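Coordinates in review
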Amino acid sequence: MPQYDFDLFTIGAGSGGVASSRRAGSYGAKVAICEEDRVGGTCVLRGCVPKKLLVYGAHFRHDFEDSAGYGWSVPEPTLDWKKLQAAKDKELDRLNGVYKRLLRDSGVQLIEGRGHVVDPHTVEVAGKRYTAAHILISTGSRPFLPEMPGIEHVITSDGALSLKELPRRIIIVGGGYIGVEFAGIFNALGVKVVVLIRGDTVLRGFDDDVRSFLTQEMRKKGIDIRSEVFVRDLEKRADGTLSVLTTMGDTLEADAVMFATGRVPHTRGIGLEELGVKLDKRGAVMVDAGSRSSVESIYAVGDVTDRLNLTPVAIAEGRALAETLFNDNPMQLDHSGVPSAVFSQPPVSTVGITELAARESHGKLDVYVSSFRPMKYTLSGREERAMMKTIVERDTQRVLGFHMVGVDAPEIVQGLAVALKCGVTKQQLDATVGIHPTAAEEFVTMRDKRPDPQESAEREPGHEAVNN
Ligand SMILES: Cc1cc2nc3c(=O)[nH]c(=O)nc-3n(C[C@H](O)[C@H](O)[C@H](O)COP(=O)(O)OP(=O)(O)OC[C@H]3O[C@@H](n4cnc5c(N)ncnc54)[C@H](O)[C@@H]3O)c2cc1C
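In this text, all values refer to a predicted model and were calculated from it rather than measured experimentally.

1. Regarding the pairing of strand 13 (residues 251–254)
Every second residue of strand 13 is oriented toward a common face, the buried set being Leu 252 and Ala 254 and the non-buried set Thr 251 and Glu 253. Relative to strand 13, strand 12 (residues 242–246) runs antiparallel, the two sharing four bridges. Each bridged residue has a counterpart across the sheet, and for Leu 242 the counterpart in strand 13 is Ala 254. Counting the residues that bridge the hairpin from strand 12 to strand 13 gives four residues, and of these Gly 249 lies at a positive phi of roughly 90 degrees.

2. With respect to the sheet that holds strand 21 (residues 399–405)
Pairing within the open sheet is antiparallel, and its five strands lie in the order 17-18-21-20-19. Lying at the two open borders of the sheet, with one neighbouring strand each, are strand 17 (340–342) and strand 19 (365–372). Taken pair by pair, the neighbouring strands of this sheet meet at an average axis angle of 10 degrees, ignoring direction. In the sheet, strand 17 pairs with strand 18 (residues 348–352) via three bridges, with the strands oriented antiparallel. By the bridge assignment for strand 18, Ser 340 is matched with Thr 350. Those strands touched by helix 10 (residues 355–362) are strand 19, strand 20 (386–393) and strand 21, and its axis lies near 170 degrees from that of strand 19.

3. Structural notes on the pattern of salt bridges
One pass over the full model with this rule turns up 32 salt bridges. In this structure, Arg 307 and Glu 317 form a salt bridge, with 3.3 Å as the shortest nitrogen-oxygen distance. Pair noted here: Arg 307 is in the loop between strand 16 (298–300) and helix 9 (311–326) and Glu 317 is in helix 9, with a separation of ten residues, a long-range link. Among the ionic contacts, a cluster of salt bridges with common partners joins Asp 207, Asp 209, Glu 355, Arg 359, Lys 389, Arg 450 and Asp 452.

4. Remarks on the UniProt feature "domain: Pyridine nucleotide-disulphide oxidoreductase dimerisation" (unreviewed entry) in the chain
With numbering matched to this structure, UniProt assigns "domain: Pyridine nucleotide-disulphide oxidoreductase dimerisation" (unreviewed entry) to residues 338–446. When the span residues 338–446 is considered, its composition is 28% helix and 28% strand, and the gap between its end C-alpha atoms is 23 Å.

5. Here we look at the nonpolar core
The biggest cluster of nonpolar side chains holds 45 residues, and the ones touching the most others in it are Ile 172, Phe 182, Phe 186 and Met 258. Ranked by residues supplied to this core, first place goes to helix 6 (residues 177–188) with seven residues. With residues up to four places along the chain from it excluded, the contact list for Phe 182 reads Ser 157, Ala 160, Leu 161, Ile 172 and Met 258.

6. As for the state of the cysteines
Scanning the model with the defined rule gives one disulfide in all. The side chain of Cys 43 participates in a disulfide bridge whose partner is Cys 48; the two sulfur atoms lie 2.4 Å from each other. Residues Cys 43 and Cys 48 are joined by a disulfide whose S-S torsion is about -130 degrees; by sign, that bridge is left-handed. Judged by its relative accessible area of 12%, Cys 43 is buried.

7. Description of the environment of Leu 234
In this fold, Leu 234 is placed in strand 11 (residues 231–236). Excluding its chain neighbours within four sequence positions, the residues that come into contact with Leu 234 are Pro 149, Gly 150, Ile 151, His 153, Val 154, Ser 243, Val 244, Val 257 and Phe 259.

8. Focus: the UniProt feature "domain: FAD/NAD(P)-binding" (unreviewed entry) in the chain
Mapped onto this numbering, the UniProt entry gives "domain: FAD/NAD(P)-binding" (unreviewed entry) at residues 7–318. With 33% helix and 24% strand, residues 7–318 has its two end C-alpha atoms placed 15 Å apart.

9. Details of the pairing of strand 14 (residues 256–259)
Every second residue of strand 14 is oriented toward a common face, with Ala 256 and Met 258 on one face and Val 257 and Phe 259 on the other, all of them buried. Two elements, strand 8 (residues 169–173) and strand 14, share four bridges in a ladder whose sense is parallel. Bridge assignment links Ile 170 to a residue of strand 14, and that residue is Ala 256.

10. Quick word on the site of the ligand
Taken together, the neighbourhood of the ligand is formed by 36 residues, with Gly 16, Glu 35, Thr 42, Lys 51 and Asp 303 sitting nearest. At 2.8 Å from an oxygen atom of the ligand is found a side-chain nitrogen or oxygen belonging to Asp 303. Of all the elements in the fold, those that place two or more residues in the shell around the ligand are helix 1 (15–26), strand 2 (31–35), helix 2 (41–46), helix 3 (48–67), helix 6 and helix 9. The greatest single-element share of the shell around the ligand, amounting to four residues, is contributed by helix 2. Of the residues that constitute the shell around the ligand, the class distribution is eleven nonpolar, 17 polar and eight charged. For the shell around the ligand, the two domains that each supply at least three residues are domain 1 (6–142 + 264–326) and domain 2 (151–261).

11. Some details on the environment of Glu 317
Here Glu 317 falls in the buried class, since its relative accessible area comes to 3%. Measuring from C-alpha to C-alpha, the distance between Glu 317 and Val 301 comes to 5.9 Å, with 16 residues separating the pair along the chain. In contact with Glu 317, other than residues within four places in its own chain, are Ser 291, Val 301, Gly 302, Thr 305, Arg 307, Leu 333 and His 335.

12. What to know about the domain arrangement of the chain
Partitioning the chain into domains gives domain 1 (6–142 + 264–326), domain 2 (151–261) and domain 3 (346–449). When each unit is reduced to the centre of its C-alpha atoms, the spacing between domain 1 and domain 2 is 27 Å. Contacts between the two partners involve 14 residues from domain 1 and, on the opposite side, 13 residues from domain 2. Surface buried jointly by domain 1 and domain 2 totals about 1,400 Å² across both partners, of which 62% is contributed by carbon and sulfur atoms. Our count for the domain 1 to domain 2 interface comes out at two salt bridges. Between Lys 82 and Glu 165 there is a salt bridge; the shortest N-O distance is 3.0 Å. On inspection of domain 1 and its partner domain 2, the count reaches seven residue pairs in polar contact (both at pLDDT 80 or more). Residue assignment for the side of domain 1 that touches domain 2 shows that the elements contributing at least two residues are helix 3 and helix 4 (81–105). The element contributing the most residues to the side of domain 1 that touches domain 2 is helix 3, with seven residues.

13. Remarks on unusual backbone geometry
A cis amide bond links Gln 345 to the next residue, Pro 346, at an omega of 5 degrees. Along the chain, the position of Pro 346 falls in the loop between strand 17 and strand 18. Residue His 436 is joined to Pro 437 through a cis peptide bond whose omega torsion reads -10 degrees. Mapped onto the fold, Pro 437 is located in the loop between helix 13 (426–430) and helix 14 (453–459). Positive phi, normally seen in glycine, also occurs at Glu 228, with a value near 50 degrees.

Cut-off values and rules
Residues numbered from 1 in each chain as written. Predicted model: local features only at pLDDT ≥ 70, side-chain atom pairs only at ≥ 80, totals over all residues. Heavy atoms only, no water. Buried < 20%, exposed > 50% of the residue type's maximum accessible area, 1.4 Å probe, protein only. Helix = DSSP H or I, 4+ residues; strand = E, 2+ residues; numbered from the N terminus. Pairing = 2+ DSSP bridges. Axes fitted to C-alpha atoms, helices over the stretch in contact; angles between N-to-C directions. Contact = heavy atoms within 4.5 Å. Salt bridge = Lys/Arg side-chain N within 4 Å of Asp/Glu carboxyl O. UniProt positions renumbered as here; feature names shortened; annotations may be inferred. Core = buried A, V, L, I, M, F, W, Y, C linked by side-chain atoms within 4.5 Å. Disulfide = S-S within 2.5 Å. Near = heavy atom within 4 Å. Polar contact = N/O pair within 3.5 Å; in protein donor to acceptor, adjacent residues only side chain to side chain. Nonpolar A, V, L, I, M, F, W, Y, C, P; charged D, E, K, R; others polar. Domains from an automatic or database assignment. Buried area = accessible area lost by both parts, 1.4 Å probe.

Next comes the structure, spelled out in structure tokens:
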């Protein structure tokens with residue numbers, strides 16, 4: 001058995017890399033991790049955490065407005081953007097320190113610098129070579145920017161999270177989850193927001209009812225969503241204003257343009273292809289269910305594998321790998337039934353499959369949809385509504401998907417994800433007593449099935465089902 005410097009060498013100290021290395025360290029493995037930026041990765045420093053802090057910060061505008069309906073009078077609120085940014089950055093510094101401490105406490109050696117693989121058991125960082133029995137690639141992903149004239153003037157989510165000044169007007173290109181989250185943040189902070197999307201509705205890949213409902217709610221809040229349009233080119237004027245020419249021939253002006261046009265796996269220039277590690281056409285490391293690449297000693301977890309690009313997934317994949325390699329406990333993550341959220345305003349949360357996917361894979365369905373104004377907004381007069389949807393396989397009455405748009409959706413759907421994972425049926429939901437008065441109780445009280453569009457069409461040619 002050859003002697004290596006380490007049992008595991010991890011490249012990238014983000015969610016997946018840190019989780020895997022710590023778990024391996026806890027079983028006594030000798031582990032090193034290298035990081036070219038700050039320990040913590042995208043989620044902690046450029047993603048979930050700073051974004052959610054800004055969502056909280058932005059939401060106060062609504063809360064101040066809503067308080068009037070409950071009898072409060074609040075002087076005209078003003079925002080100190082620099083103060084909010086400084087508070088957020090302080091919290092990120094704290095978390096960065098926590099992550100470093102956690103690594104240290106697990107006996108994981110942190111090596112600062114960019115790592116690249118030189119052979120199946122060797123990683124080079126800052127000119128020094130380290131050998132390891134196993135190498136883990138957890139280098140995450142980076143924002144994708146299409147090539148076009150003027151692209152150097154745009155920002156991505158990284159830039160949007162660290163803006164020195166709050167722009168007066170922003171154009172956000174892309175209606176995926178990052179685009180709609182930032183649209184909600186900026187809109188609530190008083191910025192004039194235009195969102196350009198390629199389709200008709202935001203959130204491609206989500207359930208169609210969720211997509212149209214959220215698009216409508218965002219428009220109600222004053223976000224100018226322009227459908228079926230993209231950017232042709234853009235230029236910066238002498239006064240710093242950005243001028244955007246769209247594919248519809250319109251010219252739009254803004255103080256900032258943010259591209260939220262997807263992310264690509266971070267695999268460029270780290271020696272993988274040279275070693276024969278197979279990458280897919282987007283550059284993601286191709287792995288088996290146990291996260292092993294085409295080279296036996298090299299593994300990959302998290303966004304770099306482009307499976308389900310979420311923090312808890314990267315963490316679970318990383319831990320499963322450490323269990324397999326160092327605890328004699330072979331584990332694979334089941335990627336089905338993973339819940340997710342979009343922290344838009346109102347937020348979205350979903351677990352299971354969409355109605356479209358369910359019709360293709362499960363045939364006849366019972367679909368329950370409910371839309372209502374949450375009690376919270378009755379006194380405040382806010383027009384925001386909530387929508388909940390449960391998709392049930394007709395033959396077995398097993399729930400295939402829960403979807404919600406509305407206040408507290410992510411907090412509500414987390415519990416339902418457990419039920420879905422356990423194979424909950426509609427009858428079991430019906431037998432569950434609700435917590436009153438909440439919005440969540442709607443999920444256990446929905447009774448009316450939405451007319452099946454196919455069956456209705458068979459009965460009455462030309463008839464179209466109408467959402468509740
Ligand atoms: C704006 C935004 C919001 C998001 N919000 C959410 C959310 O609300 N919920 C959620 O679940 N997910 C969210 N995500 C996704 C989440 O951040 C990622 O899925 C998660 O961070 C992936 O973890 P990872 O370990 O694969 O990669 P990362 O956390 O990105 O870590 C990769 C690390 O590798 C380092 N690295 C790269 N190359 C090298 C190299 N050659 N040498 C050394 N170090 C290297 C990087 O600097 C980085 O620190 C969000 C992402 C973004 C961009």
